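# A look at the structure
Each chain, written out:
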Amino acid sequence: MAAPYSSPLAQALSEDLLARFLRYVQVQTQSKPDRERSPSTPGQLELGRLLAAELEAIGLADAELDEHGYVYATLPATVADAPVIGLIAHLDTSPDAPGAGVAPIVHRDYQAGVIELPRAGTRLDPETMPRLRGMVGHDIVTASGDTLLGADDKAGVAAIMAAVAHLAAHPELPRPTLRIAFTPDEEIGHGATLFDIPRFGARCAYTLDGSRRGELQDESFSAIEVRIDVAGVGVHPGTAKGKLVSALMVAAEIVAGLPKDRLTPATTSGREGFIHPTMLEGGTERAHLRLIVRDFDEQLLAGHVALLREITDRVSAANPAARVELQEIRQYRNMRAYIEHDQDVIAAAVEAYAAEGLEPIREPIRGGTDGSRLSEMGLPTPNIFDGGHEYHSLREFASLQDMACAAAVVVRLAEAWTRR
Ligand SMILES: [Zn+2]
């Protein structure tokens, strides 16, 4: 059976894409929370240097890695008067699973069934991973079982690189000026922080950042982080009667007060939001609780935060000797508000998908991308799929055919913009 490519173009892009992808995933680029500089880890600079050099080799003479770890480059237009369009993917991988020493494996021509990885007993089982069932005949790339793969977002990086290399080698294909950016520290919420939008100079941009073939996303969560700091009263436990107030107990009481049968990640899907404690640490004197609050709707989001305040106030009132402080930090907003008034951004993508035989799947992202903040900062940036799955886990995998399809969509997208 012929491998299920979306088009001869996708097939033509696939081997170059695979070689690049395997190269990129072997560079350790996990980002680190609470960063002191940009990028948060030196491996991201290593991949940035590699990509700048590869872009230059393709013929993008201005390719450069800036002092904050962002890679920028320009592929000049082959037609006059088309708007400048941006392509963006992130360099870093998640700190949530082991990410050093990625040893990728290509499982050619997948024939259904369980994929057993050689290390740590990791298995990809179509019983629990239904997306695998649709991939018979695909070439599946995994890590070796003891690390994540890093398809998030090196599948996006490789798809952009393969598409740009193809366009650079084919000046007869119509294209606008393409601005390319690879960003650091997306996984810790900083991909857009030091992004130079004026210098990027694009009318709009597209991230390639997950997941299944056909997804086209112009909606993300709106996101707030809540930090609750508790100061207790420490006394020697042997003589503490009537005096000691444990900060840890107070923080735990707040966690225990959260709804359990609704408003949690494990009980919500689709357009439902949640409150999710991500970290609790402390002792008698001090305790620190972090939570993320998410919704697609700003009013509902504010309601979830109000509920969290109510619970916190109640616990605080019951423990008057403890000092409880709650701080809200806005992380990003649903990008739809910034994209929907700009019809061409999605229309051009829909045209590009159609040229690859794809009907766009328009489901909102239950998370954020660089595009969430970039859109708010003035650069409308929806998300295109990149063929990776099971992100931030040892089971992470990518379909070569789907990654190649994403690269082909980028080539079609370039052409679509020359007609606008
Ligand atoms: Zn990502």
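Small disclaimer: the values here were computed from a predicted structure and weren't measured.

On to the sheet that holds strand β3 (residues 85-90), then. Pairing between the strands of a sheet comes from backbone hydrogen bonds, and it takes one of two forms, parallel or antiparallel. Read across the sheet, seven strands follow the order β1-β2-β8-β3-β9-β15-β10 without closing on themselves; strand pairing throughout is mixed. Each of the sheet's edge strands pairs with one partner strand only, and the pair in question is β1 (64-65) and β10 (216-217). Where β3 and strand β9 (residues 204-208) come together, four bridges link them in parallel fashion. Each bridged residue has a counterpart across the sheet, and for G86 the counterpart in β9 is A205. On top of the sheet, helix α8 (residues 343-355) reaches β9, β10 and β15 (383-384); it is set at about 50 degrees to β9, its chief contact.

Turning our attention to the side chain of D370. Position of D370 relative to the elements: it lies in helix α9 (residues 370-376). Buried and unpaired, D370 has R373 as its nearest opposite-charge partner, separated by 7.0 Å. Excluding residues within four positions of it along the chain, D370 makes contact with I88, H90, T183, E186, G191, A192 and T207.

Moving on, we come to the pairing of strand β2 (residues 71-75). The buried count for β2 comes to five of five residues, which makes it a mostly enclosed element. Residues V71, A73 and L75 point to one face of β2 and Y72 and T74 to the other, with burial holding for every one of them. Sheet topology note: the β1/β2 ladder contains two bridges and is antiparallel. Within β2, the residue paired with L65 across the bridge is V71. The turn joining β1 and β2, which pair antiparallel and follow one another in sequence, is formed by five residues; a positive phi near 95 degrees is taken by G69.

Glancing now at helix α3 (residues 151-169). Because an α-helix packs 3.6 residues into every turn, residues spaced three or four apart end up facing the same way. In a regular helix each residue adds 1.5 Å, so 19 residues correspond to 27 Å; α3 covers 25 Å between its end C-alpha atoms and thus fits that length. Of all 19 residues in α3, 17 are buried, a share of seventy percent or more.

This part covers the sheet that holds strand β17 (residues 397-399). What the four strands build is an open sheet, ordered β4-β7-β17-β16; its pairing is antiparallel. Pairing within the sheet leaves two strands with one partner each, and these edge strands are β4 (105-107) and β16 (388-389). Sheet analysis places strand β7 (residues 140-142) next to β17, joined by three bridges and oriented antiparallel. Of the residues in β17, the one forming a bridge with T142 is F397. Helix α10 (residues 400-418) rests against β7, β16 and β17 of the sheet, and its axis sits at about 60 degrees to β17.

Calculation criteria
Residues numbered from 1 in each chain as written. Predicted model: local features only at pLDDT ≥ 70, side-chain atom pairs only at ≥ 80, totals over all residues. Heavy atoms only, no water. Pairing = 2+ DSSP bridges. Helix = DSSP H or I, 4+ residues; strand = E, 2+ residues; numbered from the N terminus. Contact = heavy atoms within 4.5 Å. Axes fitted to C-alpha atoms, helices over the stretch in contact; angles between N-to-C directions. Buried < 20%, exposed > 50% of the residue type's maximum accessible area, 1.4 Å probe, protein only. Lys, Arg positive; Asp, Glu negative; His and termini not counted. Salt bridge = Lys/Arg side-chain N within 4 Å of Asp/Glu carboxyl O. Expected span 1.5 Å × (residues − 1).

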